[in-house]
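Listed below, chain by chain, are the residues.
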Amino acid sequence: MSRISIDQVKHVADLARLAITDEEAEMFTKQLDAIITFAEQLNELDTEDVPPTSHVLDMRNVMREDIPEPGLPREEVLKNAPDQQDGQFRVPAILE
């Protein structure tokens with residue numbers, strides 16, 4: 001028994017704006033069904049004594065101290081700009 005239908009696969013492809021053929025939809029249906037079947041095996045595990053986590057690994061922020069440093073000279077930065085005016089980057093207007 002398939003856990004996902006060809007129509008559902010075509011619907012998701014349409015939402016993702018993917019053009020798939022009927023053969024591809026059938027192939028993806030089989031692949032997704034295999035993935036869902038594999039994921040459902042996790043329901044068989046005893047997780048009673050396992051604390052909930054948001055990540056598999058212990059996550060912590062490792063950040064350096066924020067120390068201000070001088071930036072590049074304006075002239076050096078602007079020499080790479082395709083267009084500049086009055087010491088600033090000049091870009092096309094996006095608002096009228």
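The preceding data block contains the structure.
Figured I'd write up the structure that's included with this text. From a predicted model like this one, the values you see are computed outputs, not experimental measurements. Position labels on residues start from 1 in each chain and follow its written sequence. Local features in a predicted model are, by the rule used here, given only for residues with pLDDT of at least 70; side-chain atom pairs are given and counted only at 80 or more, and totals for whole chains, interfaces and linings are based on all residues. No hydrogens and no water enter the side-chain calculation; it runs on all heavy atoms of the structure.

**Side note on the environment of Gln-84**
Okay, so step 1: Among the secondary structure elements, Gln-84 is positioned in strand 1 (residues 84-85).
Okay, so step 2: Measuring from C-alpha to C-alpha, the distance between Gln-84 and Ile-4 comes to 56 Å, with 80 residues separating the pair along the chain.
Okay, so step 3: Only heavy atoms matter for contacts: two residues are in contact if any of them lie within 4.5 Å across the pair. If we skip the residues at most four places from it in the chain, Gln-84 touches Leu-78 and Arg-90.
Okay, so step 4: In terms of polar contacts, Gln-84 uses its side chain to reach the backbone carbonyl oxygen of Leu-78, at 3.3 Å. Numbering of helices and strands runs from the N terminus; a helix is a DSSP stretch of H or I covering at least four residues, while a strand is a stretch of E covering at least two. What qualifies as a polar contact is a pair of N or O atoms within 3.5 Å, subject to a donor-acceptor requirement within protein and to the restriction that residues adjacent in sequence count only when both atoms come from side chains.

**Remarks on the packing of helix 1 (residues 6-15) against helix 2 (residues 22-40)**
Okay, so step 1: Axes, fitted as lines to C-alpha atoms, cover a helix only where it is in contact. Angles between the N-to-C directions of the axes lie from 0 to 180 degrees. The contact between helix 1 and helix 2 brings their axes to 9 Å, and the two run at 105°. On the basis of their axis angle, the class for helix 1 and helix 2 is roughly perpendicular. For the pair helix 1 and helix 2, contact is made by Ile-6, Val-9 and Lys-10 and by Asp-22, Ala-25, Glu-26, Phe-28, Thr-29 and Leu-32, respectively.
Okay, so step 2: Within the contact of helix 1 with helix 2, the residues separate by chemical class into five nonpolar, one polar and three charged. Roughly parallel here means an angle under 35 degrees, roughly antiparallel means over 145, roughly perpendicular means 65 to 115, and every remaining angle is called oblique. The classification used treats Ala, Val, Leu, Ile, Met, Phe, Trp, Tyr, Cys and Pro as nonpolar, Asp, Glu, Lys and Arg as charged, and all other residues, Gly among them, as polar.

**Here we look at a nonpolar patch on the surface**
Okay, so step 1: Residues enter patches when they are more than 30% accessible in relative terms and free of salt bridges; like-charged ones are connected within 9 Å and nonpolar ones (Val, Leu, Ile, Met, Phe, Trp, Tyr) within 5 Å. For the accessible areas, the method is Shrake-Rupley and the probe is 1.4 Å, while residue cover comes only from the protein chains on display. Here, a salt bridge means any Lys or Arg side-chain nitrogen found within 4 Å of an Asp or Glu carboxyl oxygen. Together, Met-27, Phe-28, Leu-32 and Ile-35 line one region of the surface with nonpolar side chains, adding up to about 330 Å² of accessible area.
Okay, so step 2: By secondary structure assignment, the location of Phe-28 is in helix 2.
Okay, so step 3: Partly exposed residues are those whose accessible area sits between 20% and 50% of the maximum for their type, while under 20% is buried and over 50% is exposed, using a 1.4 Å probe and protein chains only. Residue Phe-28 is classed as partly exposed on the basis of its relative accessible area, which comes to 30%.

**Regarding the environment of Gln-8**
Okay, so step 1: Structurally, Gln-8 can be placed in helix 1.
Okay, so step 2: Residue Gln-8 is classed as partly exposed on the basis of its relative accessible area of 41%.
Okay, so step 3: Separated by 67 residues in the primary sequence, Gln-8 and Glu-75 have C-alpha atoms spaced 57 Å apart.

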